[in-house]
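Residues per chain, in single letters:
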Amino acid sequence: MEKIYHERQVDRFCAQHCLNSLLQGPYFTVESLAEIAHNLDDRERRARNSMQSDCLNTDETGNFSVQVIAMALQNLGLELVPYMRKSEEAEAARADPTSQRAFICHFDMHWLAIRRLGHQWFDLNSLHSQPRLISNTYLSIYLAQLNSERYSIWFVTGHLPECEADQYLMLYPISETYLTQPGHSSGSNETEKDADLQKALALSLQDDFNDISLQSVLAETKREAEDLEMQRALRISAQESHGCVNDNNSTRGYIPSHLRTLEDIGRSEEDRDLQEAIRLSLQDGN
């Protein structure tokens, strides 16, 4: 992308940025475009036989009319042709936009250029931080999208000046990983949409973090409750055992039934057999 000449938006000088990006060099300044605008104003006033000194082709913000853009290109041997014109030339351009070399689009005081460099198409909108690669298939879709958004579209005829980017990209095309996908906005609110998306993602991540934190607290609380329940059960068991020893000495060595083993049960049965044998012996002696 570094070989492509691309001017970023400054104030409202998008007409200058559009032309220079289209031509791939600093061909025009605000002053040179303003001079063209004033010459057109003088010509139009003479044609109307008017003495008014109002500016018809520019304003104090730096915005220029399509007549200024057309005249600037005409001085270089280039012509603007309306994309939606009812003519064979325009119909051919609409049928196969890739057969053209460049397009200029305008809406709501914003100008942008689309140009083929090498064998690839690029959106050179000055609102973007860098040129955007457009596939041949997406070019017609993108132009249709701009047209539906009420952009005025022209295609440029004539021989564009040679440029380094065109020659370089003939040999070294840009990777398709840079392709612009359908649905990308061409307007100035693109940055705002990106910011909104990032904010939504941040909130989503925060919600996930909160959920994880809550789950951790609940798990810790559950573990503490289980520990307390275990301690309570052991305490009750110990109290039961201690109570039996104090109340009845004959039960010394008592083991709660839920803690007895098979060995304990066996010893209890042997004790009962011994006691029964002693009782029978005493009866025989009597």
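- Per an unreviewed UniProt entry, the protein goes by ubiquitinyl hydrolase 1 and derives from Echinococcus granulosus.
- Within the UniProt record for the protein, the comment given under Subcellular location (unreviewed entry) is "Nucleus".
- Turning to the protein, the UniProt annotation filed under Catalytic activity (unreviewed entry) states: "Thiol-dependent hydrolysis of ester, thioester, amide, peptide and isopeptide bonds formed by the C-terminal Gly of ubiquitin (a 76-residue protein attached to proteins as an intracellular targeting signal)."

Details of the overall build of the protein
Move 1: A tally of helices and strands in the protein yields eight helices and six strands.
Move 2: Mapped from its N terminus to its C terminus, the protein presents α and β elements in the order α-α-α-β-α-β-β-β-β-α-β-α-α-α.
Move 3: Total accessible area on the protein stands at roughly 18500 Å², and carbon and sulfur atoms take up 51% of it.

With respect to the pattern of salt bridges
Move 1: If you walk through the whole model with that rule in mind, you get three salt bridges.
Move 2: For Asp-42, the salt bridge is made with Arg-45, and the minimal N-O distance between the two is 2.4 Å. Here Asp-42 and its partner Arg-45 are both found in helix 2 (residues 30–48), three residues apart, which amounts to about one turn of the helix.

Looking at the side chain of Asp-123
Move 1: Mapped onto the secondary structure, Asp-123 falls in strand 4 (residues 120–123).
Move 2: One buried charged residue, Asp-123, forms no salt bridge at all, with the nearest opposite charge on Arg-132 at 5.9 Å.
Move 3: Polar side-chain contacts of Asp-123 include one of 3.1 Å to the backbone nitrogen of Asn-125.
Move 4: Aside from chain neighbours lying at most four places away, what touches Asp-123 is Leu-112, Ala-113, Ile-114, His-128, Pro-131, Arg-132, Ile-134 and Tyr-142.

Overview of the UniProt feature "active site" (unreviewed entry) in the protein
Move 1: In the numbering used here, UniProt assigns the feature "active site" (unreviewed entry) to Cys-14, His-110 and Asn-125. The greatest C-alpha distance among the annotated residues, which extend across 112 residues, is 9.4 Å, indicating that they converge on a single site.
Move 2: One can find Cys-14 in helix 1 (residues 14–23).
Move 3: Judged by relative accessible area, which is 1%, Cys-14 ranks as buried.
Move 4: Setting aside residues no more than four positions away along its own chain, Cys-14 makes contact with Gln-9, Met-109, His-110, Trp-111 and Ser-126.
Move 5: Take His-110: it is sitting in strand 3 (residues 110–117).

Regarding the pairing of strand 2 (residues 102–107)
Move 1: The element strand 2 is extensively covered by neighbouring structure, given that five of its six residues are classed as buried.
Move 2: Alignment of strand 2 against strand 3, held across six bridges, turns out to be antiparallel. By the bridge assignment, Ala-102 is partnered in strand 3 with Arg-115.
Move 3: In this structure, the hairpin formed by strand 2 and strand 3 is closed by a connection of two residues, where Asp-108 is found at a positive phi of approximately 50°.
Move 4: Pairing of strand 2 with strand 6 (residues 152–157), which is carried by four bridges, proceeds in the antiparallel orientation. Bridge pairing links Ile-104 to Trp-154 in strand 6.

Quick word on unusual backbone geometry
Move 1: Residue Gln-24 is not a glycine yet carries a positive backbone phi of 60°.
Move 2: Positive phi outside glycine occurs at Arg-150, with the angle close to 70°.
Move 3: Following the sequence through the fold, Arg-150 ends up in the loop between helix 5 (136–148) and strand 6.
Move 4: Of the residues examined, Arg-150 reaches a relative accessible area of 64% and is grouped as exposed.

Observations concerning the packing of helix 2 against helix 3 (residues 66–74)
Move 1: As a packed pair, helix 2 and helix 3 sit with axes 9 Å apart at the nearest point and diverge in direction by 110°. On the basis of the axis angle, helix 2 is roughly perpendicular to helix 3. Between helix 2, through Leu-33, Ile-36, Ala-37, Leu-40 and Arg-43, and helix 3, the contact on the second element is made entirely by Gln-67, Val-68, Met-71 and Ala-72.
Move 2: Of the residues contributing to the contact of helix 2 with helix 3, the split by class is seven nonpolar, one polar and one charged.

Some words on a nonpolar patch on the surface
Move 1: Together, Tyr-168, Met-170, Leu-171 and Tyr-172 make up a nonpolar patch on the protein surface, roughly 430 Å² of accessible area in all.
Move 2: As for its placement among the helices and strands, Tyr-172 is situated in the loop between helix 6 (164–171) and helix 7 (190–247).

Rules and cut-offs
Residues numbered from 1 in each chain as written. Predicted model: local features only at pLDDT ≥ 70, side-chain atom pairs only at ≥ 80, totals over all residues. Heavy atoms only, no water. UniProt positions renumbered as here; feature names shortened; annotations may be inferred. Helix = DSSP H or I, 4+ residues; strand = E, 2+ residues; numbered from the N terminus. Areas by Shrake-Rupley, 256 points an atom, 1.4 Å probe, with all protein chains shown as cover. Salt bridge = Lys/Arg side-chain N within 4 Å of Asp/Glu carboxyl O. Buried < 20%, exposed > 50% of the residue type's maximum accessible area, 1.4 Å probe, protein only. Lys, Arg positive; Asp, Glu negative; His and termini not counted. Polar contact = N/O pair within 3.5 Å; in protein donor to acceptor, adjacent residues only side chain to side chain. Contact = heavy atoms within 4.5 Å. Pairing = 2+ DSSP bridges. Axes fitted to C-alpha atoms, helices over the stretch in contact; angles between N-to-C directions. Parallel < 35°, antiparallel > 145°, perpendicular 65-115°, else oblique. Nonpolar A, V, L, I, M, F, W, Y, C, P; charged D, E, K, R; others polar. Patch = residues over 30% accessible without salt bridge, like charges linked within 9 Å, V, L, I, M, F, W, Y side chains within 5 Å.

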